[in-house]
Amino acid sequence: MSIPVDLAQLRDEAAKRGTTAFLVTVTADARPHVVEVMIAWEGDVMVMSAGRTTVANAAERTTVTMLWPPTAPGEYSLIADGTATVEPGDAGGTVTVRPSKAVLHRPATDDHPATRPGCTADCVPLDGS
């Protein structure tokens, strides 16, 4: 299910985690390819430079995921799915990601110190509500 992103909320959450994140693309043989990127916002899209493999992956398989890990134990990771467009360059190129949904996520096990006892899911959709 795609949850509409409240862009202002996504940008605020991303800002709490800094200007770098992990961009996840998929290779031709269906393996994940993960790279760290520096993100700039242009309107409601994220723009980043990336290498040849990432640019090729995003051009062929445009569904991508952005991941900002938690900043401290027990905090949430920020995960945003989106659609990529690319502008190839000499050493890779530019990837632009338009978010389609985002969640805050952390482990949901009884032995995790930040999780409520008996909790089986601990995701918070970023849908503006």
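Notes on the structure in this doc start here.

A word on the overall build of the protein
So, step 1. When you go through the protein residue by residue, the secondary structure sums to two helices and eight strands.
So, step 2. For the protein, the sequential pattern of α-helices and β-strands runs α-β-β-β-β-α-β-β-β-β.
So, step 3. Looking at the protein as a whole, 33% of its 129 residues are labelled buried.
So, step 4. If you take every contact in the protein between residues at least 6 apart in sequence, the share linking residues at least 24 apart comes to 54%.
So, step 5. About 7300 Å² of surface is accessible on the protein, with carbon and sulfur atoms providing 54% of the total.

Notes on the side chain of Arg 17
So, step 1. By the element assignment, Arg 17 lies in the loop between α1 (7–16) and β1 (20–26).
So, step 2. Within polar-contact distance, the side chain of Arg 17 engages the backbone oxygen of Tyr 76 at 3.1 Å.
So, step 3. Those residues in contact with Arg 17 that lie beyond four places of it in its chain are Trp 68, Pro 69, Thr 71, Tyr 76, Ser 77, Leu 78 and Leu 104.

Regarding the nonpolar core
So, step 1. Core analysis: the biggest nonpolar cluster contains 22 residues, and Leu 23, Ile 39, Met 48, Met 66, Trp 68, Val 95 and Val 97 have the highest contact counts within it.
So, step 2. Of all the elements in the fold, those that place two or more residues in this core are α1, β1, β4 (45–50), α2 (52–60), β5 (63–68), β6 (77–89) and β7 (92–105).
So, step 3. Ranked by residues supplied to this core, first place goes to β7 with four residues.
So, step 4. If we skip the residues at most four places from it in the chain, Met 66 touches Ala 21, Phe 22, Leu 23, Val 37, Ile 39, Met 46, Met 48, Leu 78, Ile 79, Ala 80 and Val 97.

Topic: the pairing of β6
So, step 1. Of the pairings in the sheet, the one linking β5 to β6 comprises six bridges and is antiparallel in character. Residue pairing for β6: Val 64 is matched across the bridge by Gly 82.
So, step 2. Between the end of β6 and the start of β7, which pair antiparallel, lie two residues.

Definitions and cut-offs
- Each chain carries its own residue numbering, running from 1 in the direction its sequence is written.
- Under the rules for a predicted model, residues below a pLDDT of 70 receive no local features and side-chain atom pairs below 80 are neither given nor counted, while totals for whole chains, interfaces and linings still include all residues.
- The basis for every side-chain value is the complete set of heavy atoms in the structure, and neither hydrogens nor water enter the calculation.
- The numbering of helices and of strands both runs from the N terminus, where a helix is a DSSP run of H or I of at least 4 residues and a strand a run of E of at least 2.
- Exposure categories follow from relative accessible area, calculated using a 1.4 Å probe and restricted to protein chains: below 20% of the type maximum is buried, above 50% is exposed, and the middle band is partly exposed.
- We call two residues in contact whenever any of their non-hydrogen atoms come within 4.5 Å of each other.
- Each accessible area value is a Shrake-Rupley result obtained with a 1.4 Å probe; residue values ignore everything except the protein chains displayed when judging cover.
- Polar contacts, as counted here, are pairs of nitrogen or oxygen atoms within 3.5 Å of one another; within protein the pair requires one atom able to donate a hydrogen and one able to accept it, and residues that are adjacent in sequence qualify only if both atoms are side-chain atoms.
- Here, the term nonpolar core denotes a set of buried Ala, Val, Leu, Ile, Met, Phe, Trp, Tyr and Cys residues that are joined through side-chain atoms within 4.5 Å.
- A pair of strands is treated as paired once DSSP finds two or more bridges between them.

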